[in-house]
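So the chains spell out like this:
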Amino acid sequence: MKFSTKAIHVGNEPDEATGAVISPIYLTSTFAQEYPSEHKGYDYTRAGNPNFTRAEQQMAALENAKHSVLFSSGIGALTAFLSTLKQGDKVLAMDGLYGGTFRLFNRIFKKFGVEFEILNQRDLHTIDDKLKEKPKLFLFETPTNPLLEVFDIRELTEKARKFGVTTIVDNTFATPYFQNPLDCGADIVWHSCTKYLGGHSDVIGGVMMTNSSDIYEELIFARMSIGVNPSPFDVWMIMRSVKTLALRMERHQSNATAIARFFEGHPSVKKVYYPGLESHKTHDIARKQMSGFSGIVSVEFNLSIEDTKTLISKFKFFQLAESLGGVESLVNHPASMTHASIPEDERKKMGLSDGLVRFSVGVESEEDLLEDLKVGLERFQTSAV
């Protein structure tokens, strides 16, 4: 079954009770029990709900996984998994993480004795030595946020497996339409459903997929025990949105490619980050493991932090906002927004300059988006004179 067909049909079978083509929303906190008859599979929505079951079947199919577990947010999903660790356990990560992930480790789990170490691209030659220390978890995001570096998933997961280290790959930017980390050897794939899976900037959620029954049981238990379950309505919204994921991702990618090429030739731009460009340093890896390059473009301008903020306020269709992956185009300033929780010296080490801007390219008309960027840049240049 091809991707688009799975997205529409898996978990979306007509309702058994009524024949409704679209499944109902089970807005209930509890389920009636009858003794001594057989348990119907649900008792309390924090532990499970028919909407969860249907959507988790759909999500697992998209990543070619045996299991998936939905959560209240992407960070909620990671919190649930990290709760399975204990004091003294270590997490190894590659840089390029979302700022909220960094904050969760350094300001929350660090207090409970979970160690956290970040490697950057220059440290890749030392990764075997780091994995020999047997961290409990090896986490990386690819493409990274916001510099869009692409890590070789198969190479890194093979190294981790050699030392018995569990791997989690954050696949939010690529989506399962363009990349499937489990097929490349990852133990867990993780998504913020708030982004492309939800796709309309109207729902928050998270999901983890795995082929391991043991990890699946741990995630289910953690979700119930910590209380990071989503609402049935939010899950229904995500499930509805995923049906159009393939269509949306094709348009996100085509628009992003056009915009990346526009910026690549612009005199005001120092550097463009987009894995679909031949000039991108990890373009060859992206071509090898991805079927497309998604809809995020990052651009470094030769500007101060204040001038950068002024520039990104000049656009009409690119709204200044947190998050990404919606049908509408957004612009973001990592240093003062998504990555502001990372200390300045750490941001600099990661290559996040004050002039770096991240564009989440939507599905509007390509011509309108390009015109918006041209006019916005002209307005800024005029005001700066």
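What counts, and where the lines are drawn
- Residues numbered from 1 in each chain as written.
- Predicted model: local features only at pLDDT ≥ 70, side-chain atom pairs only at ≥ 80, totals over all residues.
- Heavy atoms only, no water.
- Pairing = 2+ DSSP bridges.
- Helix = DSSP H or I, 4+ residues; strand = E, 2+ residues; numbered from the N terminus.
- Axes fitted to C-alpha atoms, helices over the stretch in contact; angles between N-to-C directions.
- Contact = heavy atoms within 4.5 Å.
- Buried < 20%, exposed > 50% of the residue type's maximum accessible area, 1.4 Å probe, protein only.
- Polar contact = N/O pair within 3.5 Å; in protein donor to acceptor, adjacent residues only side chain to side chain.
- Phe/Tyr/Trp six-rings, centres within 6.5 Å; stacked < 30°, edge-to-face > 60°.
- Lys NZ or Arg CZ within 6 Å of the ring centre and 35° of its normal.
- Core = buried A, V, L, I, M, F, W, Y, C linked by side-chain atoms within 4.5 Å.

(A) Summary view of the sheet that holds strand 7 (residues 206-210). Strand order in the open sheet formed by 7 strands is 1-7-6-5-4-2-3, and the pairing between neighbours is mixed. Each edge of the open sheet carries a strand with a single partner, namely strand 1 (67-71) and strand 3 (115-119). Mean inter-strand twist for the sheet, computed between neighbouring axes without regard to direction, equals 20°. Bridge analysis of strand 4 (residues 137-141) against strand 5 (residues 166-170) gives 5 bridges, and the strand direction is parallel. Bridge assignment links glutamate 141 to a residue of strand 5, and that residue is aspartate 170. Contacting strand 2 (90-94), strand 3, strand 4 and strand 6 (188-192), helix 4 (residues 99-108) runs over the sheet at an angle of about 140° to strand 3. Across the sheet, helix 8 (residues 213-226) lies against strand 1, strand 5, strand 6 and strand 7, angled at about 20° from strand 1, the strand it touches most.

(B) Spotlight on the side chain of glutamine 289. Here glutamine 289 is to be found in helix 11 (residues 283-289). Glutamine 289 sits in the buried class, given a relative accessible area of 13%. If near-sequence neighbours (up to four positions away) are discounted, glutamine 289 is found in contact with Thr142, Val150, Phe151, Asp152, Ile153, Phe178 and Gln179.

(C) Representation of the pairing of strand 7. With 5 of its 5 residues buried, strand 7 lies for the most part within the structure. In this structure, strand 6 lies alongside strand 7, joined through 5 bridges in antiparallel fashion. Bridge assignment links valine 189 to a residue of strand 7, and that residue is methionine 209.

(D) Structural context of the environment of histidine 191. For histidine 191, the position within the fold is in strand 6. Histidine 191 sits in the buried class, given a relative accessible area of 1%. Sequence separation of histidine 191 and proline 176 is 15 residues, and the distance between their C-alpha atoms is 9.3 Å. Look past the residues within four positions of histidine 191 in its chain and what remains in contact with it is Glu63, Gly74, Asn171, Thr172, Thr175, Pro176, Leu197, Gly206, Val207 and Met209. Here glutamate 63 takes part through its side chain, which lies 2.7 Å from a polar atom of the side chain of histidine 191. Here asparagine 171 takes part through its backbone oxygen, which lies 3.5 Å from a polar atom of the side chain of histidine 191.

(E) Looking closely at the environment of threonine 308. Within the secondary structure, threonine 308 sits in helix 12 (residues 305-312). Judged by its relative accessible area of 0%, threonine 308 falls in the buried class. Residues threonine 308 and leucine 356, spaced 48 residues apart in sequence, show a C-alpha to C-alpha distance of 7.9 Å. The residues contacting threonine 308, other than those within four sequence positions of it, are Leu303, His333, Asp354, Gly355 and Val357.

(F) Representation of the packing of aromatic side chains within the structure. All told, the structure shown has 15 aromatic pairs when counted by the stated rule. Ring centres of phenylalanine 3 and tyrosine 177 lie 5.2 Å apart, and the angle between their planes is 70°; this geometry places the pair in the edge-to-face category. Note that phenylalanine 3 is positioned in helix 1 (residues 3-9) and tyrosine 177 in helix 7 (residues 175-178), a separation of 174 residues in sequence. By relative accessible area, which is 15% here, phenylalanine 3 ends up buried. Taken together, the aromatic side chains of Phe262, Phe263, Phe301, Phe315, Phe318 and Phe359 make up a single cluster linked through ring pairs. Against the face of tyrosine 98 rests lysine 195, its NZ or CZ located 5.9 Å from the ring centre.

(G) Region of interest: the nonpolar core. Residues Leu82, Phe138 and Met208 are the most contacted members of the largest nonpolar core, which totals 79 residues. Excluding residues within four positions of it along the chain, leucine 82 makes contact with Val91, Leu104, Phe105, Phe109 and Leu137. Among the nonpolar cores identified, the runner-up in size contains 30 residues, and Ile259, Ala260, Leu369 and Leu370 belong to it.

(H) Quick look at the sheet that holds strand 11 (residues 330-332). Strands sit in the order 8-9-12-11-10 across an open sheet of 5 strands; the sheet is mixed. Every interior strand has two partners, whereas the edge strands, strand 8 (269-273) and strand 10 (319-320), have only one. Taken together, the 5 bridges between strand 9 (residues 296-301) and strand 12 (residues 356-360) define a ladder with antiparallel strand orientation. Directly across from valine 299, in strand 12, lies its bridge partner valine 357.

(I) Region of interest: the environment of phenylalanine 359. Position of phenylalanine 359 among the secondary structure elements: in strand 12. Sequence-wise, phenylalanine 359 and aspartate 202 are 157 residues apart; in three dimensions their C-alpha atoms are separated by 19 Å. Once residues within four sequence positions are removed from consideration, phenylalanine 359 is found in contact with Phe263, Gly295, Ile296, Val297, Val299, Phe315, Phe318, Leu330, Val331 and Leu373.

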